[in-house]
Amino acid sequence: MRQVGDKIRISAYDPLMEDDIFPLLLSFFPDKDAGGSLETDITFDDGKVRAKTVFTPAGSPDNVREESEEVKGPDKEANGSKKDVNGPDREDSGLKNDPNAYRRELRKEVARVVYLQIVKLTGKKLPWGMLTGVRPTKLVLERLEQGLGMHATYLMDRFCVTQEKATLAVRVAHKEYTLINDIDYKNGFSLYVGIPFCSSICNYCTFGAHPLSRFGQYVEPYLEALAKEIRETSRLMKKRLDSVYVGGGTPTILSSAQLKWLIDLIKESFDMSAVRELSVEAGRPDSITEEKLRVLKDSGVTRISINPQSMVERTLNTIGRAHTPGQITEAFRAARACGFDNINADIIAGLSGETPEDFAYTLGQLEKLAPECLTVHTLAHKRAARLTTSPQMYEGLEAKGVKEMVEAGAVWAKEHGMEPYYLYRQKNMTESLENIGYSLPGKECLYNILIMEERQMILALGAGASSKFVRDCAERFERVENVKSVKDYVERIDEMIDRKRRYIEEYNIEV
Ligand code: SF4
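As the structure is a prediction and not an experimental result, all values here were calculated from the model. (Residues numbered from 1 in each chain as written. Predicted model: local features only at pLDDT ≥ 70, side-chain atom pairs only at ≥ 80, totals over all residues. Heavy atoms only, no water.)

## Describing the overall build of the protein chain
Part 1 of the reasoning: Helix and strand counts for the protein chain stand at 17 helices and 18 strands.
Part 2 of the reasoning: Computed over C-alpha atoms, the radius of gyration of the protein chain comes to 24 Å, within 12% of the 24 Å expected from 2.2 N^0.38 for 511 residues, which places it in the range of a compact globule.
Part 3 of the reasoning: Counting only C-alpha atoms and orienting by the principal axes, one finds that the protein chain spans roughly 70 × 55 × 45 Å.
Part 4 of the reasoning: Element-wise, carbon and sulfur atoms account for 49% of the exposed surface of the protein chain, whose accessible area totals about 22000 Å².
Part 5 of the reasoning: Taken as two groups, the 71 positive and 78 negative side-chain charges of the protein chain have centres that lie 1 Å from each other. (Helix = DSSP H or I, 4+ residues; strand = E, 2+ residues; numbered from the N terminus. Rg over C-alpha atoms; globule rule 2.2 N^0.38 Å. Areas by Shrake-Rupley, 256 points an atom, 1.4 Å probe, with all protein chains shown as cover. Lys, Arg positive; Asp, Glu negative; His and termini not counted. Charge placed at Lys NZ, Arg CZ, Asp CG, Glu CD.)

Below you can see the structure in the form of structure tokens.
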């Protein structure tokens, strides 16, 4: 059984069904001011699977409603022998001899039934239906690779995705398909290098960033450990390197000499001859100087991110960004002066205290900055973020009209010639929305697609970095994580390298 207080509870005879349905229940009622309580029971009795959901609206404890039904398998109309079955039909689904696949399909069907029960009971629908995972476009991409069609219908019928989101997912997946098929991604890998320090910590952050004021003494030892990890893992890699992403934290918190040293080290250690892009997050404008940008440009960096998140000064103060809108404008000016012609700007819909008018103001200010890429995030309420751990600091500051903001971002991107090219979701996103990356044609960041769609091995180095080893032609992958704390990372660097050694060696001989 899994539950949150007395508000949400799921109990199922198969624990994996609990794992599927728990996030679904949370998506309906993500916050403490939920519209009521939801309790679901999945039972298996007498050869029958049954789903029962009970809903009690907030403030009406006597108005208890419930939906209960036997879980049916796929409709057998197609071959003219319709009958009710418990779970997916083994003959029809080709699952007869594959108990694991059968169980997977049954779990999906149970989740779908529960989703529809909740919709009926609460009158509320989720934009992405019963899809609670991070990568809704992955489903479509897989279908494209299998030569299948009718993707939007598939998402709507099978996963109850709204038409608007299904259309968006299909559009993005087509774009991704075109972009990644341009490279032989299965025989290559991408490299991530993390610099986990920031000038201050944003109220929504759970990226494991360390504030420089408290952890400044760790920067040098951290870079030494990172150099060791870069050198030793690069010697192990035998595949072709396709893309490099230096992220964080805020990489540009390093001095210009440190930045030059780091990029040079990457270039000396790995074979860069086939690398298509070298991206660096210059996320915080207060960390950027023209000298650092010049170093990045001269070192061959092809794409940077300068992230306003908002151009409203009040908001930047509230969320703890420690920079002004003017510094963002200045950072863009300096980047242009250094010759950067591919700059991404991240903005967030749903920041504390923001309204659609604030968001529209930010978009209006972006006119002057003219980024080549725009990433519109929807605020995710993460458990470890200050926003959640210190709610008293943000009382009465819940953003309003977040869906409207996300839509305004899409309109702005379209009006500026951009297309959506990658998309992902996170847990507890405001209004169950998504993050979308838009780009002018030809300016897309390949790394973003490869990591989101789990198509390629990602060698991730640095504290908190999570390497992904894709196996069996993207059928499965394994993660190998580094410790998050910079202190632990420095002290245990040999262990971090050893953790990856076996996986890299296996990956070198696999596709
Ligand atoms: S800039 Fe990014 S990594 Fe740094 S604190 Fe803010 S959200 Fe976290």
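## What about the packing of aromatic side chains?
Any two aromatic rings considered together are summarised by their centre-to-centre distance and by the angle between their planes.
Part 1 of the reasoning: For the structure on display, the rule yields 14 aromatic pairs.
Part 2 of the reasoning: For the pair Phe189 and Phe270, a centre-to-centre distance of 6.2 Å together with 50° between the ring planes defines the contact as tilted. Of this pair, Phe189 sits in strand β6 (residues 188–195) while Phe270 sits in the loop between α8 (256–269) and β10 (277–281); the two residues are 81 residues apart in sequence, bridging distant segments of the chain. Residue Phe189 shares its accessibility class with Phe270, and that shared class is buried.
Part 3 of the reasoning: Relative to Tyr447, the ring of Tyr192 has its centre 6.5 Å away and its plane inclined at 20°; by these criteria the two rings are stacked. Residue Tyr192 is found in strand β6, and its partner Tyr447 is found in helix α15 (residues 446–452); the two are separated by 255 residues along the sequence.
Part 4 of the reasoning: A relative accessible area of 4% places Tyr447 in the buried class.
Part 5 of the reasoning: Connected via pairs of aromatic rings, a cluster forms that spans Tyr192, Tyr245 and Tyr447.
Part 6 of the reasoning: The ring of Phe340 has Lys297 sitting right over it, with the charged end atom 5.2 Å from the ring centre.
Part 7 of the reasoning: The ring of Phe207 has Lys382 lying over it, and the distance from NZ or CZ to the ring centre is 4.5 Å. (Phe/Tyr/Trp six-rings, centres within 6.5 Å; stacked < 30°, edge-to-face > 60°. Buried < 20%, exposed > 50% of the residue type's maximum accessible area, 1.4 Å probe, protein only. Lys NZ or Arg CZ within 6 Å of the ring centre and 35° of its normal.)

## Side note on the packing of helix α2 (residues 99–122) against helix α4 (residues 151–159)
Part 1 of the reasoning: The interhelical angle for the contact between α2 and α4, taken along N-to-C directions, is 75°, at an axis separation of 9 Å. Judged by the angle between their axes, α2 and α4 are roughly perpendicular. Each of Glu105, Lys108 and Arg112 in α2 lies in contact with α4, whose residues at this interface are Asp157, Arg158 and Phe159.
Part 2 of the reasoning: Considering only residue class, the contact of α2 with α4 consists of one nonpolar, no polar and five charged. (Axes fitted to C-alpha atoms, helices over the stretch in contact; angles between N-to-C directions. Parallel < 35°, antiparallel > 145°, perpendicular 65-115°, else oblique. Contact = heavy atoms within 4.5 Å. Nonpolar A, V, L, I, M, F, W, Y, C, P; charged D, E, K, R; others polar.)

## Concerning helix α12 (residues 356–369)
Given 3.6 residues per turn, any residue in an α-helix points the same way as the ones three and four places further on.
Part 1 of the reasoning: Relative to the 20 Å expected for 14 residues at 1.5 Å per residue, α12 spans 20 Å between its end C-alpha atoms, a close match to the ideal helical length.
Part 2 of the reasoning: Summarising the contacts, the buried residues of α12 are in contact with α10 (313–319), α11 (325–337), β12 (343–349), β13 (373–378) and α14 (402–415).
Part 3 of the reasoning: Phi turns positive one or two residues past the end of α12, at Ala370, with a value near 45°. (Expected span 1.5 Å × (residues − 1).)

## Thoughts on unusual backbone geometry
Part 1 of the reasoning: Omega for the bond connecting Gly248 with Gly249 falls within 30 degrees of zero, at 15°, which places this linkage in the cis form.
Part 2 of the reasoning: As for its placement among the helices and strands, Gly249 is situated in the loop between β9 (240–248) and α8.
Part 3 of the reasoning: One non-glycine residue with positive phi stands out, namely Glu431, at about 55°.
Part 4 of the reasoning: Note that Glu431 resides in the loop between β14 (419–424) and β15 (435–439).
Part 5 of the reasoning: Given the relative accessible area of 41%, Glu431 is considered partly exposed.

## Observations concerning the packing of helix α3 (residues 136–145) against helix α5 (residues 163–180)
Part 1 of the reasoning: In the contact formed by α3 and α5, the axes pass within 9 Å of each other and the chain directions differ by 55°. The angle between α3 and α5 places the two elements in the oblique class. Crossing geometry of α3 relative to α5 is assigned as right-handed. Taking contact as the criterion, the partners of Thr137, Val140, Leu141, Leu144 and Glu145 in α3 are, on α5, Ala169, Val170, Val172, Ala173, His174, Glu176, Tyr177 and Ile180. (Left-handed = near helix turned anticlockwise from the far one by under 90°.)

## Examining the site of the ligand
Part 1 of the reasoning: Taken together, the residues surrounding the ligand are Cys198, Ser200, Ile201, Cys202, Tyr204, Cys205, Phe207, Ala209, Gly249, Arg284 and Arg321.
Part 2 of the reasoning: Each residue belonging to the shell around the ligand can be placed in one class, and the counts come to seven nonpolar, two polar and two charged. (Near = heavy atom within 4 Å.)

## Regarding the environment of Glu478
Part 1 of the reasoning: With respect to the element layout, Glu478 can be found in strand β18 (residues 476–481).
Part 2 of the reasoning: With residues up to four places along the chain from it excluded, the contact list for Glu478 reads Ser467, Lys468, Phe469, Arg471 and Tyr503.

## Considerations on the side chain of Arg303
Part 1 of the reasoning: Here Arg303 lies in strand β11 (residues 303–305).
Part 2 of the reasoning: Although Arg303 lies buried, it forms no salt bridge, and the closest oppositely charged side chain, Glu277, sits 6.0 Å away as judged by the N-O distance. (Salt bridge = Lys/Arg side-chain N within 4 Å of Asp/Glu carboxyl O.)

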